[in-house]
Every structure is written in structure tokens, then in C-alpha cells.
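Structural overview for review
Each chain, letter by letter, is given below.
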Amino acid sequence: MAIIIDGKNLSSLIKENLKEKVSEFEEKYNRQITLAVVLVGENPASQVYVRNKIKATEYVGMKSLSITLPETATYEEVAKEINNLALDNSVDGILVQLPLPKHLDEQKILKLIPIEKDVDGFLPENVGNLCLNLESSIPCTPFGVIQMLKHYNVELKGKNAVIIGRSNIVGKPMAMLLLKEDCTVTICHSKTTNLKEFTNKADILIAAIGKAKFVTEDMVKDGAVVIDVGINRVDGKIYGDVDFENVSKKASYITPVPGGVGPMTIAMLLENTYLSAVRRNNE
Ligand code: GUN
């Protein structure tokens, strides 16, 4: 039976530590760290994520600004809000919750965020810096995964890491971070043929597909470390991308859903916001 990587507990430790750093920052600079969260539309999952992000921001003592726009908002309307936040010197981080409604061009909207406020690490310059091992804001979900692996002392050097999913938010930055840790990295995706051949060679398997219980025990090597990034709602219940019940019998470490990667994503968003505030104050 695998050791369960407890993301909820680790995220609590990170948040308690941040609480202290945030309060020291406030005392030193006599101002509150502020994160602005922009939500366009009524996607129920996004509404839940945004609510949790705001709650956690306030929990660690930061200020949160919440901007909600209707599904029908035009580019100009969204741009106006982001431009205001960009110019507002009291705002340290701007997060635009993805996905955006289909009529909006994601890259065009994200480009409105000034690089120093990009707490998601989604801007081309941050993505490029990450690839070049230069200082950058690191996308929160893969950042959280690396923190979990390190906290549980999982050996990464020389290991075969296989990622299922090539998204800009998870798969691609995850690959860069694991490469930096000296893993041999493979990215698989929906067009990969013989997926099982790849996953069965994985010492570290990252599932970021978005399909409930997609990764079954026959796809997993004995003793593998399995990280489940999926959050899938089926009949009102939440499932990961991994068939936890059966895969946990084979893996050496596994993350649960909920209580695994999800809380870590939020903790790393707060960490990125803190780092952004420190950088802005030092500039
Ligand atoms: N949608 C799903 N994950 C994320 C994330 O980490 N940041 C943003 N902005 N949107 C998301």
C-alpha cells in the first residue's frame, strides 16, 4: 500500500509559514500585500476555485480584490479591469482564472498583465525564463507538485518521469521543473500511441488529463510515485485522473483527490504573490 502524500497538511504548513512572512512584510513596509482575482463567466468549477483562492489569500493576511464579469463580457470590458489593476500600485498580483469564455482570446488577455504581477507564471517571458532556468514566477500547480515530491524526499535525479497531458498550465511547465531536477522526462498526450508502454516505464507518473479514473493499475509500474492533478466532477462527486483504490496498491507514493495537488496549487499561488510583493518592493 502506497504512502499517501498529504497535500492538505503540507499546504497548511506552507500557509502558516506564509502568515508569519506576510505579517513581517506588512510591518517592514507598512502596507498589505494584495492579490486581484479576475473571473469572467459562470463556470461552476472556476467559481469554486476562485472562492477558495480568495479565502486562502485572506487567511494568510493578504488583501484580496475580486473582479467578476459576466460570460458575455467583451475584450474591451475585461481589458479595462485588468488595465486598472495593472496601474494600481497597491496590487502585487493579478490572476485571471482560466478557462475564459470561448469568444475571448486567452493570450491577448493575459498579455495585459504586467510581468511583475504575473503570479500564475503564464506570460511568455516567465515561461521562457523557466525554460532557461532563470528567475521566474512558476505556474502554481507544477510548483506545488515539486514541493510535495521534495517534502516527501522522493529521489528525482535520473528517474523516468512521465507526464500525461501537455497543457500550458500543467504539463509543459511540469516537464521543465522535472528536467531541472535531473529527471528524464516524457510528455504523453491524447494522440500518443501505446500510452501504456510509456506509463509502465515511469518511476514518477504525473496524471493531468482531465478524465476521471483514467490511469488504471495496469498502466503503473510497481513502486511508482503517482501524482494526480485531475479534479473531475461525476454525479456531484469529485474524482482524480487516477483510479486511486487500485493504483494505490501498486504505487510507493500517491496523492489523493481531494486533498492532494489542489490545496498545494493555492498555497503556491500565495507564495508567488508574496514573492511578487517582495520583488516589487525591492525594485
Ligand atoms: N485554471 C486551472 N488552473 C488554473 C491556475 O492555476 N491558474 C489560473 N489562472 N487558472 C487556472
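Figured I'd write up the structure that's included with this text.

What counts, and where the lines are drawn
- Residues numbered from 1 in each chain as written.
- Predicted model: local features only at pLDDT ≥ 70, side-chain atom pairs only at ≥ 80, totals over all residues.
- Heavy atoms only, no water.
- Pairing = 2+ DSSP bridges.
- Helix = DSSP H or I, 4+ residues; strand = E, 2+ residues; numbered from the N terminus.
- Axes fitted to C-alpha atoms, helices over the stretch in contact; angles between N-to-C directions.
- Contact = heavy atoms within 4.5 Å.
- Parallel < 35°, antiparallel > 145°, perpendicular 65-115°, else oblique.
- Nonpolar A, V, L, I, M, F, W, Y, C, P; charged D, E, K, R; others polar.
- Salt bridge = Lys/Arg side-chain N within 4 Å of Asp/Glu carboxyl O.
- Buried < 20%, exposed > 50% of the residue type's maximum accessible area, 1.4 Å probe, protein only.

Some words on the sheet that holds strand E4 (residues 93-96)
Sheet architecture is open: 3 strands sit in the order E3-E2-E4, paired in parallel fashion. At either end of the open sheet lies a strand with only one pairing partner, and these are strand E3 (63-69) and E4. Strand-to-strand twist in this sheet, taken as the mean axis angle between neighbours without regard to direction, amounts to 15°. In this structure, strand E2 (residues 34-40) lies alongside E4, joined through 4 bridges in parallel fashion. Bridge pairing in E4 places Val-37 opposite Leu-95. Sheet contacts for helix H2 (residues 44-59): E2, E3 and E4; angle to E2, the most-contacted strand, approximately 170°.

Description of the packing of helix H1 (residues 7-29) against helix H6 (residues 140-151)
Relative to each other, H1 and H6 sit at 100°, their axes nearing to 11 Å. Here H1 is positioned roughly perpendicular relative to H6, judged by the angle of their axes. Contact residues: Gly-7, Leu-10 and Leu-13 in H1; Gln-147, Met-148 and His-151 in H6. Broken down by class, the residue content of the contact of H1 with H6 amounts to 3 nonpolar, 3 polar and no charged.

A look at the pattern of salt bridges
Applying the stated criterion to the full structure yields 8 salt bridges. Between Lys-19 and Glu-16 there is a salt bridge, and its shortest N-O distance comes to 3.9 Å. Separated by 3 residues within a single helix, Lys-19 and Glu-16 lie in helix H1, roughly one turn from each other. Its relative accessible area of 30% is what places Lys-19 among the partly exposed residues. Taking relative accessible area as the criterion, Glu-16 reaches 37% and is therefore assigned partly exposed. For the salt bridge of Lys-21 with Glu-271, the shortest nitrogen-to-oxygen distance reads 3.2 Å. Of this pair, Lys-21 sits in helix H1 while Glu-271 sits in helix H10 (residues 261-282), and the two are 250 residues apart along the sequence. Assessed through its relative accessible area of 22%, Lys-21 is described here as partly exposed. Residues joined by salt bridges that share partners form a network here, namely Arg-31, Asp-92 and Arg-280.

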